[in-house]
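# Observations on the model geometry
These are the residues of each chain, in order.
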Amino acid sequence: MSNYYIYQDQKRCIGCNACEVHCKTKNDISVGPSFCKIIPVGPKLSGGIPRINFVFMPCFHCESPWCVSACPTGAMQKRAKDGIVFVDPPLCVGCKSCITACPWGTPQWNPETGKVFKCDYCKDRIDEGLEPACVTGCTTAALKWVSPAESSRMRREFFAKTLVDSKSYL
Amino acid sequence: MSVSTTKKIFSVCATCSVRCPIEVEVENGAIKHIWGNPHLIGGRHLCPRGTAQKATQADTERVQHPMIRDGERGSGKWKKASWDEALDYVADKLKTITDKYGGESVVLGDRGGPFTDLHKAFIKAIGSPNYFNQHATCSNSVHNAHNGIAGQRRNTVTYDWKNCNYAILYSRNIIESLGTKEAKDFIDALERGMKFIYTDARWTYTAAKADRFFILRPGTEYALNLGLINVIVREKLYDAEFVNDWVVGMKALTAFVEPYTPEWAEKETGVSSKEIITIAHELANAKPSVILNQGWMTARSSDDYYFRRSIYILYGLLGAYEAPGGLLFNKNETHCGYKPLRKFVNLPPKVEKKRFDGIGWKYKHLSPDYGLGQMLPYAILNEDPYPVKAFICYRFDPLSSFPDPEAFKEGLMKLDLLVSVDINFSHIGWISDVILPEAMHLERTDPVISKGGPKPALWIRKQAVEPKYDSKPKWWIIKQLAERLGIGQYFPYDSIETLIEWQLKDMGFKLSDFDEKGYIGLTPKQILFDRKTDLPFKTPTKKLEFVSSILEENGISSFPPYKSPEPPPDGNFRLITGKIAVHTQGTTLNNKYLNEIQSENRLWINTDEAKKLGIEDTDLVEVSCDGVSQNVRAAVTDFIHPEVVYTLHGYGREIPLQTRSYKKGLRDNVFMKGLLEVSVGGNCPIANCFVSIKKA
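No experiment lies behind these values; they were computed from the predicted model shown.

### Examining the overall build of chain A
The secondary structure content of chain A amounts to six helices and eight strands. Reading chain A from its N end, one meets helices and strands in the order β-α-β-β-α-β-β-α-β-β-α-α-β-α. Based on the C-alpha atoms only, the size of chain A along its principal axes is roughly 55 × 30 × 25 Å. Of all intrachain contacts in chain A linking residues separated by at least 6 positions in sequence, the fraction that spans at least 24 positions is 55%. Total accessible area computed for chain A in this model is approximately 8000 Å², and 58% of it derives from carbon and sulfur atoms.

### Focus: the environment of S289(B)
Residue and element names in this part refer to chain B. Assignment of secondary structure puts S289 in the loop between α13 (273–286) and β13 (290–293). The exposure class of S289 is buried, given its relative accessible area of 11%. With 30 residues separating them in the primary sequence, S289 and G319 have C-alpha atoms 8.7 Å apart. Excluding residues within four positions of it along the chain, S289 makes contact with N163, C164, N165, Y166, P324, G325 and G326. At 2.7 Å, the side chain of S289 forms a polar contact with the backbone oxygen of P324.

### What about the packing of helix α12 (residues 262–269) of chain B against α13(B)?
All names here are of chain B. Where α12 contacts α13, the axes come no closer than 8 Å and their chain directions differ by 115°. Crossing of α12 against α13: the hand is right-handed. Between α12, through P262, E263, A265, E266 and T269, and α13, the contact on the second element is made entirely by S273, I276 and I277. Classifying every residue of the contact of α12 with α13 gives four nonpolar, two polar and two charged.

### Remarks on the interface of chain B and chain A
Chain B puts 39 residues into the contact, and the matching count from chain A is 39 residues. Roughly 3100 Å² of surface becomes buried between chain B and chain A when both sides are summed, with 61% attributable to carbon and sulfur atoms. When the area that chain B buries against chain A is broken down by residue, the three leading residues are Y205(B), Y593(B) and E596(B), summing to 19%. When the shortest N-O distance is used, the salt bridge between D28(A) and K54(B) registers 3.4 Å. Applying the counting criterion to the chain B and chain A interface returns 19 residue pairs in polar contact (both at pLDDT 80 or more). At the level of elements, β3 (30–36), α2 (48–51), α7 (180–192), α8 (205–208), β11 (212–215) and α22 (592–597) of chain B are the ones that each hand at least two residues to the side of chain B that touches chain A. Sort the elements by how many residues they give to the side of chain B that touches chain A and α7(B) lands first, with six residues. Class assignment for the residues of the side of chain B that touches chain A results in 22 nonpolar, four polar and 13 charged.

### Details of the nonpolar core
All names here are of chain B. Core analysis: the biggest nonpolar cluster contains 118 residues, and F186, L253, L283, Y315, L317, Y321 and F546 have the highest contact counts within it. Discounting chain neighbours no more than four positions away, the residues touching L317 are I229, I232, V233, Y238, D239, V243, M250, L253 and F546. The next biggest cluster of nonpolar side chains, apart from the first, holds 53 residues, and it includes V106, A125, V448 and M507.

### Structural notes on the environment of E622(B)
All names here are of chain B. Considering the arrangement of structural elements, one finds E622 in strand β24 (residues 620–625). Put simply, E622 and K695 are 73 residues apart on the chain and 6.0 Å apart in space, counted from C-alpha to C-alpha. Among the polar contacts made by the side chain of E622, one reaches the side chain of S624 at a distance of 3.4 Å.

### Side note on a nonpolar patch on the surface
Residues and elements named next belong to chain A. Together, I39, V41 and V55 line one region of the surface with nonpolar side chains, adding up to about 210 Å² of accessible area. Relative to the assigned elements, I39 resides in strand β2 (residues 37–46). Relative accessible area serves as the criterion here: at 39%, I39 is assigned to the partly exposed category.

### Overview of the pattern of salt bridges
Residue and element names in this part refer to chain B. Counted according to the given criterion, the structure contains 51 salt bridges over all chains. Put simply, E268 and R217 hold a salt bridge, and the shortest N to O gap is 3.9 Å. Of this pair, E268 sits in helix α12 while R217 sits in the loop between β11 and α9 (221–234); the two residues are 51 residues apart in sequence, bridging distant segments of the chain. With respect to class, E268 is no different from R217; both count as buried. Overlapping salt bridges bring together R395, D422, E438, R444, D446 and R461 as one network.

### Digging into the sheet that holds strand β19 (residues 457–459) of chain B
Hydrogen bonds between backbone groups are what pair the strands of a sheet, and the pairing can be parallel or antiparallel. Residues and elements named next belong to chain B. Sheet architecture is open: three strands sit in the order β18-β19-β20, paired in antiparallel fashion. Of all strands in the sheet, those with a lone pairing partner are β18 (449–451) and β20 (519–521), marking the two edges. For this sheet, the mean inter-axis angle between neighbouring strands, taken without regard to orientation, is 25°. Relative to β19, β18 runs antiparallel, the two being bridged by three bridges. Looking at β19, one finds that S450 is bridged to L458.

Rules of the game
- Residues numbered from 1 in each chain as written.
- Chains lettered and ligands numbered in written order.
- Predicted model: local features only at pLDDT ≥ 70, side-chain atom pairs only at ≥ 80, totals over all residues.
- Heavy atoms only, no water.
- Helix = DSSP H or I, 4+ residues; strand = E, 2+ residues; numbered from the N terminus.
- Contact = heavy atoms within 4.5 Å.
- Areas by Shrake-Rupley, 256 points an atom, 1.4 Å probe, with all protein chains shown as cover.
- Buried < 20%, exposed > 50% of the residue type's maximum accessible area, 1.4 Å probe, protein only.
- Polar contact = N/O pair within 3.5 Å; in protein donor to acceptor, adjacent residues only side chain to side chain.
- Axes fitted to C-alpha atoms, helices over the stretch in contact; angles between N-to-C directions.
- Left-handed = near helix turned anticlockwise from the far one by under 90°.
- Nonpolar A, V, L, I, M, F, W, Y, C, P; charged D, E, K, R; others polar.
- Buried area = accessible area lost by both parts, 1.4 Å probe.
- Salt bridge = Lys/Arg side-chain N within 4 Å of Asp/Glu carboxyl O.
- Core = buried A, V, L, I, M, F, W, Y, C linked by side-chain atoms within 4.5 Å.
- Patch = residues over 30% accessible without salt bridge, like charges linked within 9 Å, V, L, I, M, F, W, Y side chains within 5 Å.
- Pairing = 2+ DSSP bridges.

Below, the structure written as structure tokens:
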């Protein structure tokens, strides 16, 4: 895993797809491919209310990325300084091995270039000291740009709060 | 080697009617990204519709130059025109029409909102009283209800989400039909621990976050409120001091709600009487920090007006006006010690003629601020109260938003002049004589607006990039037309700079004062009126009138008996419509990024009802009403009232030049036959639409 993590606060997420659109406009992605995706799961009854989860699927920038191992040309790379996984377009031959290899469907096919492209956490923005477009533009500040350690802490807190909240539904 | 230049321009979005403050990043003269204005939103947060406008700006499928009809109306045959040709054409026709029939024969319609000063001044300068906006299909009933009860429009108060402890959202799908700041404030309030109840005829994303959610038969939210008021009055749970200080008509209210017990309300709504009593107590415990949110789109039933009144009655009983966490009055320039921003609409002489739509003479309890657009086709066809010969439609499409577009169109086709000013193609544009392409919001500077609120400010929409096509800003279009019509003196400017200088003259500000943050704050901290002495109710009694003078004077009862909404005829369903975060009013459907996310709508139908009709999820079904039929995919769900089918509004567009959205999905308003009606709140009763469904 890279030095970074995008934490999604389920309680704040409203499934508005702003993350996807901020990503697409920032990266000028054509219609079809998408570097990140909100997948609504539900509604499902919970405590008498039909609840829904919006699962945010960017690239997770694995510590041992399947896509990098699968890439025969070295186009798919892990950035040494911070672990961001990205594609170097001139080296990509469009063989789609990475698409086959990634368990989460992250690498995207670019029909305009015949190559693969993917979420690189907006590394140009990161290098300027900014956050990825999806995080910056998120309508309700549900996405947060954190370190993996911070993410664990936030997840624990969220779980604990949910326990308390769920009692109030009884 | 060229040097890349990046700049940031603060502006105001114009995609939907929320009009969020934005920050536009521009690189080498092109839009790089659109964010929320961090100084006003608390971060660069911006909804998907707003940020996707980068794609609309670059789009080839929008109006690119003035167009004059070159065939029958609606034939889709156009000739490209220069601005001079198009403006001469419009001005010549307007001159001929006003010479023969008077200024009142010209009507102007728009989407409402804060950016209306220039075109309101224009129609007034022509000598016409006939301005209306889309609100007959949106918030007329809530505006008029608040006018009747408080003497103030709905938008003279702001919801204080920051301090609210308890809210009821009545079909107010606040996180899908969303404005960026409000959605974020709402989520902040939930995180802080605010509890909320959600009622609707169907499940929504907002319902999914509710503490309690009730699926109600459309029209019975009013019965729920009557049950709540019954308990609050009977058990004296109200804010006695506030009621004593500010309310007139408490006795009449007490007598009126007496029969509407929680047990009665249970029969009408299906919500248990125990639950209703609990909610009444919870409201009372949380008072005055309560919000009873009805949102904007309230044009549903014939007696919608009385439901909206019941909400303001609850606010009064709970003392929520000008209370933290309740309804805060909006303040303006004068409350901050400034002279008001100058308005162009104050320049032309007052127009004494009566309105085309009956407001002021036939409908004396309704406000001319929004008008009754549904009367336009009747006024044209019947020349009642006088001939109406020209309609100027400003960034607005009544053939998408009003019911029964065929009936509406029948009137429009009889006009001598139909002009559409828009950035996009629209259904009304398609049958117009002339389309004048306005530069889109990223490509134009608009006049400064006064943004009322607990912390008033001046806002500005500022040009970020050059217009991509041969389009022009509104200030220029209006000035050009005015000059040609001999009314140029009411528009004393020759550039946007001199226009804004004129606007700001009495306030002591200049255009560059907006540069730093995109707005000019007029007060360092929130202004609150004294709740004991200074609440600005503008009714004849200066109080909150549960028995409204404006109704009683016009022979309309403040408290007519509750009428149970009629169930659909056998084999029919009530069609209701709604919105999602990625689209607004059909105008965004052709945006490539937003279209990609939701290119078609579906028809939600209750699982048991679908089973009876042999319909399964994703089946193609035929929807019919009064000779109109269209096909759409079904979405079968447990979480919708069995009497109701639901679909997203604005789909099924019929403009061939918009290839991404052309004939995709179901066009909802074509089924709303005969609903160009004036309900007591001034709204079209658009949920009085019954359709039959079968497997296609």
